Amino acid sequence: MMRITGGRVYDPANGIDGAVKELRIDDHGRFVDAIEGGRTIDATGMIVFPGGVDVHTHVAGGAINFARAMTPEDHRRTQAFIRTKNRRSGLGGMAPTTFATGYLYAGMGWTTVNEAAVPVLSARHTHEELGDIPIVDKSTLALMANNEILLDQLEAGEYERARSVVAWYIWAAKAYGVKAVNPGGVAAWKWGHDAKQLTSPISGYDTLTPGRIITQLARICDDLGLPHPMHLHCNNLGAPGNIATTLDTLRHLEGSRAHIAHSQYHAYGGDGWDSIRSASRQLADYFNAHPGLTTDAGAVLFGDTVTITADGPWQHLLYKLTGRKWGNLDVENETGCGIVPYTYRPSNLVNAVQWATGLELLLLIRDPFQAFLSTDHPNGGCFWRYPEIIKLLMCADFRNECMAKLPEAIRRRIVLPEIDREYTLYEIAASMSAGPARALGLSKKGNLGIGCDADLVIYDADDDAARMFSRPRYVIKGGEIVIEDGEIRETPQGREFLVRPPCDPDIDAFMRPLFEDRYTMSFENYPVEIERIEHADVRPCAPAP
Amino acid sequence: MGGKVTCTLGEVKQKADFIVYWGGNPAECHPRHFTKYTIMRKSKFLPNGRKDRTMVLVDIRETKSAKAADVFLQVRPGKDFELLTILRALIKDQPVDNDRIPETGLTRDVLDDLIRRMKAAKFGCMFFGMGLSMTCGKHMNSAALLTLVAELNAFTKFVAMPMRGHGNVTGADVIMRWQTGYPFGITFNRGYPRYNPGEFSTVDVLVRGDCDAAFIIGADPGGTMPQPAIDHLKRIPTIVLDPHITFTSRLARVHITTAPQGIAAPGTAYRMDELPLPLKPALKSPYPTDEDVVRRINAALDAKPFWLPEDGRPRMLTAQV
Amino acid sequence: MPITLRLRRRPTVPLEAEVLSPDALADRSLAEIRALTVYHGKRQLPLGEFFDVDVEGERGDDLVLHGELTKVRWIGRAMTRGSVTVHGPVGMHLGAHMAGGRIEVHGMAGDWIGAEMKGGLIHVHGDAGGQIGAAYRGSPRGMTDGTILIDGSAGLEVGMRMRRGTIVIGGPAKSFVGLQMKGGTIVLLGGAELRAGAWMNRGTIISIEPLPILPTFAPATRVNPGFVGLLARYLHPFGIRLPHAPEEGDYRLYSGDFSVPGKGELLVWRPAAEGVASRESVGGGI
């Protein structure tokens, strides 16, 4: 039991904007009305936030593990977590090790993370890694939009069947939702091609277009009543002029819920690398006119990182551009991924446009319940650099200082200099916690209301937002103090959220022969057993009647 | 700098119309490889199976696998690195001294034909075995093949995959990576992981006599490592967990018999393409699992004084330490 | 006066002692020096457990080490000034990441000498291990400046991915000299095994002995480049003689490695006295 008194509370889920308010936590780690006794934390003069929720990150599974192996040079110049009697060792950096991932997220006040790309075939691996990420709660999204069994159903117009296939895969993966990456494009990449036009049939199919995959999959997610809508990585990532594709994609989604991942990478104008410019205004206008849609920024920070995406064609291009290392892993029937270490440089005009575009989207989309903090970790920058983004959002002067260091030619290509909006603490709390929690359908997260999970973070008020957000005074997870004065106190094991959507009882019989033809694993070995998930928390679905 | 371009075996089964085995003898060492994953398989994209696929074998001698191959290339022993390096130049139309090509055991015409076939493939896959990775040049031979494959992607789809040996080698590698960032050759002597193959890899540590105890699970170094390494294992307290009596268990001070993984102990094995497979035990064993034993040893160690200073704050690494 | 350290207790497992560097010792009292942490395997112990530390008169930033230091690693790591003189053999990572100053070893040295160094001089009067001046695994570049002189033989991957600077190997070197080299100069006075210059991008490898050349290098042309004379003058004070006068002979230049494709240079010396018959053998087959 614990009470937190005197702090200024920012709880956007309940419309509380800086009021001084006492919070009470019971022995089950939930907020309650009243308690008897227990510890009291005097937070007078401090700032109280709901624990951060990362709607889109890559922290566990085959792809990030591939990246770890590819970047030993980075592990040698990073933060080392030294083993103590009750804490495991690990390394931070571009692709942190599992234990370090938990310590780093919790260390800056984030308490829930959503691993946004899980191939069902290796979901078992992802869950084993998640089991080694301490403190934070976790959820996963299964990669579906290049799954050939599903695509065959969509091509044949078998919508009902397709819906059951998706439901079957989600439960097999013990996932929480559906991720769609470059619909049709990854399947085409397996032949060395890409899918850039939403209306052209994809390689290997007669009529199926990326546009149709997008529309149908979004509808399936809605019909299955998944707590989180389809999580979409649009086609044509990173390409100059891709705003046309992105807007076209959004029009394909009219009438459905959707979350658009890392929209920064999908908001470029121009028609080549020489003329690339930000198209954030067009994209933001669309979001402002469609309040049901959500997105995360996928913001870029200058410096070294490693890019990991299921977008294989893009990664091959990046490898050719950088001449550095390249990893690629195609996963049978389902997806693929590419890995390329990359350095974003302020002197590089394209990188500078990317840096500005991410911030512009966060600043131009008016409702912070629609646009969330993310770097698409590790693609745009590492998650442990979020406090830098918060400072850029909260302080226009700091933004201008940073902009002054960019090449002069950048000004014609971006709109950031025209924006004077500064995020308030309330808006930051919405963008880093309450908003993503709502989009994920995690009703007890990002919310300091009665009955919700007591995940919160307490900061010493500081004029330097980057400093304030990188070193919380306390982080409380499920009612337990995990960080105090920058030190890790406890490393409890978090929960894993998943769903069991309804599906046709005959689906096993339907899947088995297809499966045995496509895959190289036995049908019985494919689904992850629920017993294999540490602290599984199965969330309800609300299927359409 | 190259890298690694790979896929799961199902992709090969479905799509690979061009398959190279380099320094391996699948017909005898991985007998089900042809039928389960490669040349004998029919698929949606390769409906005629064997007829739709081309197989090339590169090896220093004509093994049984050569009979299955459409093309057998006999490379001179110790010349794999040169051959792969020449191929890297030729695929990019770079000049190569034609008089020097025969040193590799092959001719320019043969290589031109190979390159033509590789570039014409829709989906190529190179499997490489210990005949490449453990012979003259070692890790650089593997690097040469991986780089060639990465570069072939400028022309067509191409992937590479190592043919790994017995045991759950891949699983150890995968888990070490997520827990430490490194696949093998790791030291924890300062309380956090550090990596340097050649310095911290088991065989080198043993040969130099750098350790004063050894704890061995799921391996039989006594049967495979060079004599100086084995001699050191005999000198120091060596503890072995193994279901069987092995070369290593015979020289060990302590041998704890454990239940065999996958037969009587559950868990996860990682296949050579890093896919996780559940192990479902079929039998009961009177012996504890490896995991049980390690947990009990850990619990006993917890009762001893902690070996690192208590002030374990994270710190920034620079210049290697 | 130098600080003198004599090995008192032989380490039984590797002793990681990056504090054996002028930067770490120069400004400390004797008691502080003895208390500095070294890593004997996983045990953290004071330096004084292993070394007798002495200094006569006023201290400078020079160290003198005595003893059988084969298991002692990281001597002179990241040092920027002063000198380290060792009487006896030393272990791995000698002068790795160093930026300035001098290291002199009267004895053998292990692998990774001057790995990723930025400046300064290392001179080993004996045989050395592999990966001299190299990049650590996965790093994009090895040494970026400075000089490494080995009087004896060297192991694998000398100068792997080096960017700038000079390495001279007096005795025979093993395979993969200058692997993926990006710049700088390697001088081989005693030749090398196989695959010198493999995958090199830029930089120069000079060999005084005949060298097996990879087929992905262009056939030889005869040259007598002026910079060899400059290099010879730089190396002369170290007692290293690099032939360069036209009357003594000339160099065969092979450029490559075309597999990259790279623009590196292999220069192989051919003395003038050698007859036409043996010319074919220079840089010929392996």
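Residues numbered from 1 in each chain as written. Chains lettered and ligands numbered in written order. Predicted model: local features only at pLDDT ≥ 70, side-chain atom pairs only at ≥ 80, totals over all residues.

J.: Describe in detail the overall build of chain B, supporting the description with residues and values.
T.: Check the secondary structure of chain B and you find 14 helices and 14 strands. Viewed in the frame of its principal axes, chain B has a C-alpha envelope of about 65 × 50 × 40 Å. For chain B, the share of sequence-separated contacts (at least 6 apart) that also reach a separation of at least 24 residues comes to 56%. (Helix = DSSP H or I, 4+ residues; strand = E, 2+ residues; numbered from the N terminus. Contact = placed C-beta atoms within 7 Å.)

J.: Give me the lowdown on the interface of chain B and chain C, citing residues and values where you can.
T.: Contacts between the two partners involve 31 residues from chain B, matched on the other side by 30 residues from chain C. Counting residues per element, the side of chain B that touches chain C draws most heavily on helix H5 (residues 80-91) of chain B, at six residues. Tallied by class, the residues present in the side of chain B that touches chain C amount to 15 nonpolar, six polar and ten charged. (Nonpolar A, V, L, I, M, F, W, Y, C, P; charged D, E, K, R; others polar.)

J.: Explain the packing of helix H1 (residues 62-70) of chain A against helix H9 (residues 169-180) of chain B residue by residue, including any values.
T.: When two helices pack together, their arrangement is given by the angle between the helix axes and by the axis-to-axis distance. Across the interface, H1(A) lies against H9(B) with an axial gap of 9 Å and an inter-helix angle of 80 degrees. On the basis of the axis angle, H1(A) is roughly perpendicular to H9(B). Residue-level contacts link A:Asn65, A:Arg68 and A:Ala69 of H1(A) to B:Val174, B:Arg177 and B:Trp178 of H9(B). (Axes fitted to C-alpha atoms, helices over the stretch in contact; angles between N-to-C directions. Parallel < 35°, antiparallel > 145°, perpendicular 65-115°, else oblique.)

J.: Describe in detail the interface of chain B and chain A, supporting the description with residues and values.
T.: Taken together, the contact pairs 50 residues of chain B with 48 residues of chain A. Looking at the side of chain B that touches chain A, the elements with two or more residues in it are strand E1 (2-7), helix H1 (9-15), strand E6 (157-162), H9, strand E13 (276-279) and strand E14 (315-316) of chain B. When its residues are assigned to classes, the side of chain B that touches chain A shows 24 nonpolar, 16 polar and ten charged. Across two bridges, the pairing between strand E9 (residues 79-81) of chain A and E14(B) is antiparallel. When the bridges of E14(B) are listed, A:Gln79 appears paired with B:Met316. (Pairing = 2+ DSSP bridges.)

J.: Now, about the confidence of the model for chain B: what can you tell me, with residues and values included?
T.: Residue and element names in this part refer to chain B. Here chain B shows a mean pLDDT of 94. Residues at 70 or above account for 99%. Taken element by element, chain B is modelled with least confidence in E1, mean pLDDT 86, and with most confidence in strand E11 (residues 254-257), mean pLDDT 98. Reported confidences for the modelled complex are a pTM of 0.94 and an ipTM of 0.93. (pLDDT = per-residue confidence, 0-100.)

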